[in-house]
Amino acid sequence: MPSNEKELNCYLFDQLTILEDIERVAKKTNAEEVLEEIEIKRKQIERKLYQKPPLTSE
């Protein structure tokens, strides 16, 4: 488990990078169901990443 907000943000950015990689392949193969799921996951990650106030208090 991430111990601070910076570490957590790095983890969330890594998840977004993975989604971008999968999305690139899904677009090439016209996998609409996969693209829809990627969009849902992206919104969930971004909600955590950009929430106010931050997830952790310092």
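Everything that follows concerns the structure shown earlier in this document.
Read on for a plain summary of the structure. (Residues numbered from 1 in each chain as written. Predicted model: local features only at pLDDT ≥ 70, side-chain atom pairs only at ≥ 80, totals over all residues. Heavy atoms only, no water.)

Overview of the packing of helix α1 (residues 5-28) against helix α2 (residues 32-49)
- Two elements in contact, α1 and α2, have axes separated by 10 Å at closest approach and are oriented at 165 degrees. Classified by the angle between their axes, α1 and α2 sit roughly antiparallel to one another. As for the relative orientation of α1 and α2, their crossing is left-handed in sense. Of the residues in α2, those touching α1 at Asn 9, Leu 12, Phe 13, Gln 15, Leu 16, Leu 19, Glu 20, Ile 22, Glu 23, Ala 26 and Lys 27 are Val 34, Leu 35, Ile 38, Lys 41, Arg 42, Ile 45, Glu 46, Lys 48 and Leu 49.
- Tallied by class, residues from the contact of α1 with α2 come to eleven nonpolar, two polar and seven charged. (Axes fitted to C-alpha atoms, helices over the stretch in contact; angles between N-to-C directions. Helix = DSSP H or I, 4+ residues; strand = E, 2+ residues; numbered from the N terminus. Parallel < 35°, antiparallel > 145°, perpendicular 65-115°, else oblique. Left-handed = near helix turned anticlockwise from the far one by under 90°. Contact = heavy atoms within 4.5 Å. Nonpolar A, V, L, I, M, F, W, Y, C, P; charged D, E, K, R; others polar.)

Comments concerning α2
- End to end, α2 covers 26 Å across 18 residues, agreeing with the expected 26 Å (1.5 Å per residue, within 8%).
- Those residues of α2 that fall on the buried side of the exposure criterion are Leu 35, Ile 38, Arg 42, Ile 45 and Leu 49. Buried positions in α2, seen along its axis, are confined to an arc of 85 degrees and lie on one side of it. Projecting away from the buried face of α2 at angles above 90 degrees are the exposed residues Glu 33, Glu 36, Lys 43 and Arg 47. (Expected span 1.5 Å × (residues − 1). Buried < 20%, exposed > 50% of the residue type's maximum accessible area, 1.4 Å probe, protein only. Arc of directions from axis to C-beta.)

Concerning the nonpolar core
- Core analysis: the largest hydrophobic core is formed by ten residues, namely Leu 8, Leu 12, Leu 16, Leu 19, Ala 26, Ala 31, Leu 35, Ile 38, Ile 45 and Leu 49.
- Elements with a minimum of two residues in this core: α1 and α2. (Core = buried A, V, L, I, M, F, W, Y, C linked by side-chain atoms within 4.5 Å.)

Here's the deal with the environment of Leu 19
- Relative to the elements of secondary structure, Leu 19 occurs in helix α1.
- Judged by relative accessible area, Leu 19 falls into the buried class, the value being 10%.
- Between the C-alpha atoms of Leu 19 and Glu 37, which are 18 residues apart in sequence, the distance is 9.9 Å.
- With residues up to four places along the chain from it excluded, the contact list for Leu 19 reads Ile 38, Lys 41, Arg 42 and Ile 45.

Here we look at a negative patch on the surface
- A cluster of acidic residues, Glu 32, Glu 33, Glu 36 and Glu 37, forms a negative patch at the surface.
- If you trace the backbone, Glu 36 turns up in helix α2.
- For Glu 36, a relative accessible area of 53% corresponds to the exposed category. (Patch = residues over 30% accessible without salt bridge, like charges linked within 9 Å, V, L, I, M, F, W, Y side chains within 5 Å. Areas by Shrake-Rupley, 256 points an atom, 1.4 Å probe, with all protein chains shown as cover. Salt bridge = Lys/Arg side-chain N within 4 Å of Asp/Glu carboxyl O. Lys, Arg positive; Asp, Glu negative; His and termini not counted. Charge placed at Lys NZ, Arg CZ, Asp CG, Glu CD.)

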